[in-house]
Each structure stands twice: as structure tokens, then as C-alpha cells.
Amino acid sequence: MIKRKIVTLAMCVTLIPAVALSACSGDKGDESSKIVVGIPQDLEDSLDPHEAVAAGTKEILFNVYEGLLKPDETGNLVPAVAKEYSVSDDGLVYSFVLRDGVKFHNGKEVTAEDVKYSIEKSAGMTGAESLIAPFSNIKEVNVISKDQIDIVLEESDIDFPAYIANLNASIIPKSNNKPSTNPIGTGPYMYVSRSPQENIILKKFDSYWGTPANIENVTLKVIPNADSIVMNLNGGAVDMFARLTVTQTKQLAKNFNILEGEMNLVQAVYLNHAVKPFDNVDVCRALSYAVDVDNVLEMTSDGKGFPVGSSMFPAFKKYYVDLSDSYPTDMEKAKELLAEAGYPDGFKFSITVPSNYQPHIEAAQVISQQLKQIGVTADIKLVEWNTWLSDVYAGRNYEATLIGVDAASLTATAMLDRFVSDAPNNFTNYNNSEYDELYKKVYTAKTDDERIEIYKELQKNLADNAANIYIQDMAEFVALSDKYDGYVFYPMYIQDLAKIRLKDQ
Amino acid sequence: MMRAFVFRFKKNPELYIGILITVFVIVLILAGILFSPYDPDEMDAGAKFAGVSSSHIMGCDNFGRDLFTRLTSGAATTLLVALGTIAIGVGVGTVIGAFTGYYGGAVDEVLMRFNDAVLAFPSILLALVFISIFGSGTWKVIISLGIVFVPSFARIVRSEFMRCKNLDYVRSARLMGAKDLRIMFVHILPNTLTVLMPSTVIGFNNAVLAEASMSFLGIGVQPPQSSLGRMLSDAQAFLFMSPAYAVCTGCTIALIVLGFSLLGDGLKKNA
């Protein structure tokens, strides 16, 4: 009896602050709409846009910061802090005209000085090294008038606007001396607070220059353990979570809408062309004939996903050519090609897979099973992510690896430059003189159409030579509570929270 | 006859229950390996997450692989790893223990301090270090775990040798002119078995758990090969959809460990 009283008392004590708190937020009436978004990792690297490296950090900071330009959901660049821009005839000077009345979250207006400071800081001209490698091409940043700024380049670069739209080139106030812990930007949401390993709280920015956000308060809840995501969603602790697997979506309660998009990457078994037998085109082609992509999709994601045949994903509509039918599954042909290449009894190799990416591990198992049919033994080697980065990506010490490669910026070159034989990021050691010749023409092409044609030729070259065993652009699933809608997919790693709204709003 | 057995059972029930469980598990594994119509790695898109039926007595996993077949081949892998680990641990441990215990002196001092250093690390952590040196894979797991298991056996054997080396039968052997090696491995070693046997069985148990934990963490046996830890780690993702997957795997581990620990206790009691 006494025990029960104590329990009741304890409950009262804990409930009082809860009631008091809800009363507080109730004061604002209908305006205090909120959403809790689950994220897989804390924003640990830095809240300074010029220092943020993790894709998971950048996709959230997209809501807080803006550059002169920014990407929209169709993959085009739209003006943000700048109203418009023009390029000089020689392609060396980019003039940006600032938009009137753009305010920082601290209430101050954006000035040309802030822009100059931001671009110079982002380009590594004032200290820390730049995260955007092509920014080393910037010669100087000149303030022309109070609303115009010129960026002068050493050499012309057609992709320059895409780099300007990168989150790492966001505009921040010059007066803020602690951008890494006190983020101030111009985006639709402003930063309120962060509890490490727990949550990040954002609030709608009322003086935003563009279409304002719909939801007043956003809480980003850190859920590092993949196994508890489903429980958090079903239990109502989280309203939204992006990048779920098919299995996770199947276990969700009925009050969630499952939205399907694309991850915007190319999942493939990347082959190291510097090791035998992958220096032989016939072997690569044989493997591509032996792998049944539809079956991989069927096994790993219930058939969801978009088969691709080269290093470009469908969301880059401008550049994409559908080459997914280049190697229809044909075991006989695969065996013939292997025999011609001198491996009539098959061979043995290992596929290195980072152990923290379950979908890649699953795909590797299916492919290993399929290759057995042509006598090829593919062992799977799981390695830690850091080991993968150092041994496979940087060290190029591997035979084959199953991974998804995405684009660092909104340009076709971000997907294709890594296959030029002397490119520093050519981790597959792809060495094809035709490809190198073609790639050079990108820089001499005069019109956009001409350039797009070359990009398409480059993709065909990769497909013809079966540079890698191309699989798919993986399907991405977002779970959103049925109280909300308005989620949009971007062709990049971005979560646009400003467009999400309550259904009755 | 019956009464005699009941009497012996009552005196040491652990031993007999342990034997019963272990034999049951081994028979099940053999049945799965010898008589199952499926290949443990064969995938079947049509049988994804198939439920319990007469053709799949435990159902299927996310690739449509027969769970019973995979479980038995997985248990066989786990037992093989445990067996290899113990073989290395007991083999090398006995040799080190015998020499250090019998001779003492500087060799003892150096080897035992080295032993203490290895013992000071948590075993899984140490195995992780070895895995990162050797690389992963079934045989490398066996070697890594084997090295980790050496020190504890070395200590047990050493203390037994120290106890026995001045006993009368050893002295007599020495007087008869027996060489040191003969005294160590023909005369003393058989007398350490009463202590060594139960600790071997318990060590076997630890090896099963160590393999399961390492594979669960993804650094042990590599897919698609099955092992109990590997399967448990796969099953985790489908806990709500296909609970049988995790439950069957977990129960198998529990059963193996229970059987061997009862066996170990029984042997100790018998000794």
C-alpha cells in the first residue's frame, strides 16, 4: 500500500514538469508544430560548413546554411544568397550579384564583405585547407560594390558554379568567430542547441528570404544503433527516418508512409585492373555476363532498385544513358569468354566489403553464389570502414570491392574523372587510352550539348570494357509518420526539412 | 545393472546430462550434414523467409537458404573452430607448462612473465589484434583464438608439473636413468590429466563463445560460410519478421555451451 503511494507520488513529481513544459509550448498556439527526425550519427565533425566532411553532417547543415547558389531537387543550380551571376567571355571571372535583404540568423544583413570572407575561408586562402579541391583554382575574390562580388580564377572551369553550390562553400558572417560551435547561416532553419550523442535542435528562421519552413521546431535525434530504429519509429519517439532497408520498412507500423527514392550512387563490384586476371577485358566481361542483377535485387531488396550499366546514376538525367542491358545474364557466354582468356576452370579472387554496410554484404553473398556457376570462387573479406579507406581506397591494395560510389558535387565529372588513368582518385587502376583521350575533350568542348555527348561516350566506354561489374543505384526508403507530408528527394545527399509540413497545414 | 546406473547417475548427474546433450547436438549436426537435401549456401528467391514446413523444418533465412541445414553446418564450423583453438591452446600450453614447471629458473621466469602479459589483456581484444595482423577467415580465427588460449593452459600444466616433479615416482624414474623428456611426457603428463581434462572441456566452451562473439562482430568466420555467431548477427536484422531465425541460432549456442559445461563439471566431480 505504502509502496503504491510512493509510486503515485513519484509519478506526480515527474509529471509536474512535463505538464509545465507542455504548457509553455502551448502558449504559441498552432504555430508550435514540431517533428522529430532520427539520424544515424551525431554531427561530430564540425558545425562549421567549411569544415564539415561527413555526408551525414552536410545533409543536415543544408537546412542551416546556403551558398551563393544551391542545388534544387531536380539537380539544377538555383540562386540563393546571390540573385544572379554572369561569366566573363574567357571564363575566368564569375560576377555574383547579391540578393537584397538576405539576413543571417543573428538578424544582420549579408554584406559583400561576408561573402568575400566566406569564399576565401572556404577556399583555404585564410587558414585551414579547403575541402573543395578545385577551389585551389581561385586567384582572388574582389568586392566590386556593396552588392556585387567577382571571383577570379586561374584557369577557366565549366563546373565552377557546381562547386559554389557545395555546402562547403556556404556563406557565414565574418563577425562570428566560433562557427564550429555557434553556427550562423542564412538557411530556413536556425540552430538552437546540441546535446552530444543525443540530439540537435533547430528552429524555423522567421526572416528567411525565400519560402519559409513549414514546421516550427525540428529535433534531430541521434540513433546510432541500427537495430533500435524500428522500435523508435513504432514507439512514436521518432517521426521520420531516412535510408531504411527493405527489411526495416517491412517491420514498421501502419501509421508510416514509406517513400521510395534513389540513393544516387553506383553500387558495383569495383575491379582492381592492376591485378591479374582483371587486366584482361574478357575476364571482366565474363563476370558481367555471369552476374544476374535482377536476381541480386530480388534477393537483397525485394526487387527494389535501379539497375545501372555504367558509372552514372539515373537522377543525373542530363548525362545518364541507360546501359543496364549491356550484359544480359548468359552463363554459356561467360564460360566461353573465360576459356578464351585462359581460365577454362575459373579462378579465385576476394571481394573486400566494408563490414558496416549490410546491403553491400548481402549483395556480395548473392554475387559470390552466382559466380560459382561459372567456376569462379569469390571469397568475401569483411573489413572495417577505416581499413577499407586506407587499404582499398587509398592504398589500392585489393582485388575487387563491392561499394557504392556517389558524386561529391552536382557534376558529371564527379562520377567519371576517377577512371582517367592518372587521376589521383582512380582507385580501380582503370587504364584505357581511349577513355583518357575522350576525357580530355571535356575541357575543349565548346557547347553544353557537345560536352554531354562526351560524357555519354565515356559511360559507354566503361560499359563496353566492363570496367566494373555494375549493379544498381540502390533504392532508398524514407519512413515518414502519416501526420506529415511534403518530403522531397534530391539527387544528392540532402535532407530538405523545410519542405516537410503537417498534413492539415 | 539398471540400479547401478541409477546410483551412478545420482552420484554425478551433471556428467550424464552433459553427455546426453552433447551427443544429441552432435547427432543433430551429423544428421544435418549427411542427410539434408540442401546446400547450406544455396539461395532460393522463392523461399525467402519461408515458414516452418515439412520441406524446411526450421524455415528459411533472408536468402531462402534452409535454416536447419545452415544451422547444422554453422554449428559444425563453430565446433571446428573451437576444436582447433583448444588443440593449439592445450598443445602449446602443455609444452610451455611442462618445461617451465619442470625446469623452473630463468626459462620459467621469462616465459611466465610473458604469459602474464598475454593474460592481462581481455581475450577478445587480443584476438582482435591478431585478426588485424593475420586477416580474417576461418583458419586465421583458429590461430588467433588458439594463441589467446595458450596462457591459461600453460599455467595449469605448470603448477601440476611443479607439484609432481619431486614426488617419489618421479624420483624413482630419475634414479632408473630416465631422460628428462621421458619423465615429463611419459611419467608426469598422464598424472596431470585429472586436472587438465575438465579445464579442457570448459576451455572448449569458452572457445565456442569466443568464436560466436567474434563472428557476431563480423571479424570471425566470413560470409557466405555459416557459423553460429555469424548467423546470430544476420538474424538480428530480422528479429521482428522472423524471430525463429534468431531463436533457433541462440538456442543452439546455449545447448552446446550447456552440454559442455555440465560435462566439464561432471568430469571435475569424477576426478
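Residues numbered from 1 in each chain as written. Chains lettered and ligands numbered in written order. Predicted model: local features only at pLDDT ≥ 70, side-chain atom pairs only at ≥ 80, totals over all residues.

**Some details on the overall build of chain A**
Part 1 of the argument: Check the secondary structure of chain A and you find 14 helices and 21 strands.
Part 2 of the argument: The C-alpha atoms of chain A give 25 Å as radius of gyration, which agrees with the globular expectation for 505 residues (23 Å, within 12%).
Part 3 of the argument: Judged by the C-alpha coordinates and their principal axes, chain A covers about 80 × 75 × 40 Å.
Part 4 of the argument: A buried classification covers 42% of the 505 residues belonging to chain A.
Part 5 of the argument: When contacts within chain A are restricted to residue pairs at least 6 apart in sequence, those whose partners lie at least 24 apart make up 68%. (Helix = DSSP H or I, 4+ residues; strand = E, 2+ residues; numbered from the N terminus. Rg over C-alpha atoms; globule rule 2.2 N^0.38 Å. Buried ≥ 20, exposed ≤ 12 C-beta atoms within 10 Å, placed from the backbone. Contact = placed C-beta atoms within 7 Å.)

**Things to note about the nonpolar core**
Residue and element names in this part refer to chain A.
Part 1 of the argument: Val 269, Ala 286, Leu 287, Ala 290, Val 296 and Ile 367 are the most contacted members of the largest nonpolar core, which has 73 residues in total.
Part 2 of the argument: In contact with Ile 367, not counting residues within four places along its chain, are Val 269, Val 291, Val 296 and Ala 378.
Part 3 of the argument: Counting 72 residues, the second largest nonpolar core, distinct from the first, contains Ile 35, Ile 149, Ala 165 and Phe 477. (Core = buried A, V, L, I, M, F, W, Y, C linked by C-beta atoms within 7 Å.)

**Points about helix H9 (residues 228-235) of chain B**
Part 1 of the argument: Burial within H9(B) is extensive, with eight of its eight residues counted as buried.
Part 2 of the argument: Buried residues along H9(B) sit against helix H3 (67-103), helix H8 (180-216) and helix H10 (243-270) of chain B.

**Comments concerning unusual backbone geometry**
Residues and elements named next belong to chain A.
Part 1 of the argument: Cis peptide bonds are those with omega within 30 degrees of zero, and the linkage from Lys 276 to Pro 277 qualifies with 0 degrees.
Part 2 of the argument: Here Pro 277 shows up in the loop between strand S13 (265-271) and helix H7 (281-290).
Part 3 of the argument: Backbone geometry at Arg 243 places phi at a positive 60 degrees, although glycine is not the residue there.
Part 4 of the argument: Taking the number of C-beta atoms within 10 Å as the measure of exposure, Arg 243 has 20 and is therefore buried.
Part 5 of the argument: Here Asn 429, not a glycine, exhibits a phi torsion of approximately 55 degrees, which is positive.
Part 6 of the argument: With respect to the element layout, Asn 429 can be found in the loop between helix H12 (413-416) and helix H13 (433-444).
Part 7 of the argument: The exposure class assigned to Asn 429 is partly exposed, which follows from the 15 C-beta atoms found within 10 Å.

**Observations concerning the confidence of the model for chain A**
Part 1 of the argument: Confidence along chain A averages 87 in pLDDT terms, with 94% of residues attaining 70 or more.
Part 2 of the argument: Segment residues 1-30 of chain A is flagged for pLDDT under 50; beyond a separation of four residues in sequence, or across chains, it makes one contact in the model. (pLDDT = per-residue confidence, 0-100.)

**A word on the interface of chain A and chain B**
Part 1 of the argument: The partner chain B presents 14 residues to the 19 residues of chain A that form the contact.
Part 2 of the argument: Here the element with the most residues in the side of chain A that touches chain B is helix H10 (residues 358-371) of chain A; it accounts for six residues.
Part 3 of the argument: Residue composition of the side of chain A that touches chain B, by class: six nonpolar, eight polar and five charged. (Nonpolar A, V, L, I, M, F, W, Y, C, P; charged D, E, K, R; others polar.)

**Points about the sheet that holds strand S7 (residues 148-153) of chain A**
Residues and elements named next belong to chain A.
Part 1 of the argument: With antiparallel pairing, the four strands of this open sheet are ordered in space as S4-S5-S7-S6. Looking at which strands have only one partner, the edges of the open sheet turn out to be strand S4 (82-87) and strand S6 (138-145). Between one strand axis and the next, the sheet turns through 20 degrees on average, direction left out of account.
Part 2 of the argument: Two strands pair when backbone bridges link them, and strand S5 (residues 93-98) and S7 are joined in this way by five bridges, in the antiparallel orientation. Following the sheet pairing, Val 97 is matched in S7 by Gln 148.
Part 3 of the argument: Helix H3 (residues 112-122) contacts S5, S6 and S7 of the sheet and is inclined by roughly 175 degrees relative to S6. (Pairing = 2+ DSSP bridges. Axes fitted to C-alpha atoms, helices over the stretch in contact; angles between N-to-C directions.)

**Description of the sheet that holds strand S10 (residues 217-222) of chain A**
Residue and element names in this part refer to chain A.
Part 1 of the argument: Judged by pairing direction, the sheet is mixed, and its seven strands sit side by side in the order S8-S9-S10-S1-S11-S19-S12 without closing on themselves. Lying at the two open borders of the sheet, with one neighbouring strand each, are strand S8 (189-195) and strand S12 (256-262). Strand after strand, the sheet turns through a mean of 20 degrees between neighbouring axes, direction not considered.
Part 2 of the argument: Pairing of S8 with strand S9 (residues 199-204), which is carried by six bridges, proceeds in the antiparallel orientation. Bridging across to S9, Ser 193 finds its partner in Ile 201.

**Details of the packing of H3(B) against H10(B)**
All names here are of chain B.
Part 1 of the argument: For the pair H3 and H10, the least separation of the axes is 11 Å and the interaxial angle reads 30 degrees. Considering the angle they form, H3 stands roughly parallel to H10. Seen from above, H3 lies across H10 with right-handed handedness. When H3 is examined against H10, the residues Leu 67, Leu 71 and Ala 75 are found in contact with a partner set consisting of Tyr 245, Cys 248, Thr 249, Thr 252 and Ile 256.
Part 2 of the argument: For the contact of H3 with H10, the residue count by class is six nonpolar, two polar and no charged. (Parallel < 35°, antiparallel > 145°, perpendicular 65-115°, else oblique. Left-handed = near helix turned anticlockwise from the far one by under 90°.)

**Brief notes about the environment of Ile253(B)**
Residue and element names in this part refer to chain B.
Part 1 of the argument: With respect to the helices, strands and loops of the structure, Ile 253 is situated in helix H10.
Part 2 of the argument: Under the C-beta neighbour-count criterion, Ile 253 is labelled buried, with 21 such atoms within 10 Å.
Part 3 of the argument: Considered as a pair, Ile 253 and Leu 209 are 44 residues apart in the sequence and their alpha carbons are 8.0 Å apart.
Part 4 of the argument: Ignoring any residue separated from it by four or fewer positions in sequence, one finds Ile 253 in contact with Ala 212 and Leu 228.

**Focus on the packing of helix H5 (residues 123-134) of chain B against helix H6 (residues 138-164) of chain B**
If you want to describe how two helices pack, look at the angle between their axes and the distance between the axes.
Residues and elements named next belong to chain B.
Part 1 of the argument: Orientation of H5 relative to H6, taken along the N-to-C sense of each, is 140 degrees, at an axis distance of 9 Å. The angle between H5 and H6 falls in the class oblique. Crossing hand, H5 versus H6: right-handed. The residues of H6 that touch H5, namely those facing Ser 123, Leu 126, Ala 127, Phe 130, Ile 131 and Phe 134, are Lys 140, Ile 143, Ser 144, Leu 145, Ile 147 and Val 148.
Part 2 of the argument: Among the residues making up the contact of H5 with H6, the classes are represented as nine nonpolar, two polar and one charged.

**Remarks on the pairing of S10(A)**
All names here are of chain A.
Part 1 of the argument: The pairing of strand S1 (residues 34-39) with S10 spans six bridges and is parallel. The residue bridging Lys 34 from the neighbouring strand is Asn 217, located in S10.
Part 2 of the argument: Of the pairings in the sheet, the one linking S9 to S10 comprises five bridges and is antiparallel in character. Among the inter-strand pairings, Asn 199 is bridged to a residue of S10, identified as Lys 221.

**A closer look at the environment of Ser152(B)**
Part 1 of the argument: You can see Ser152(B) is positioned in helix H6.
Part 2 of the argument: A C-alpha to C-alpha distance of 18 Å links Ser152(B) and Val81(B), two positions 71 residues apart in sequence.

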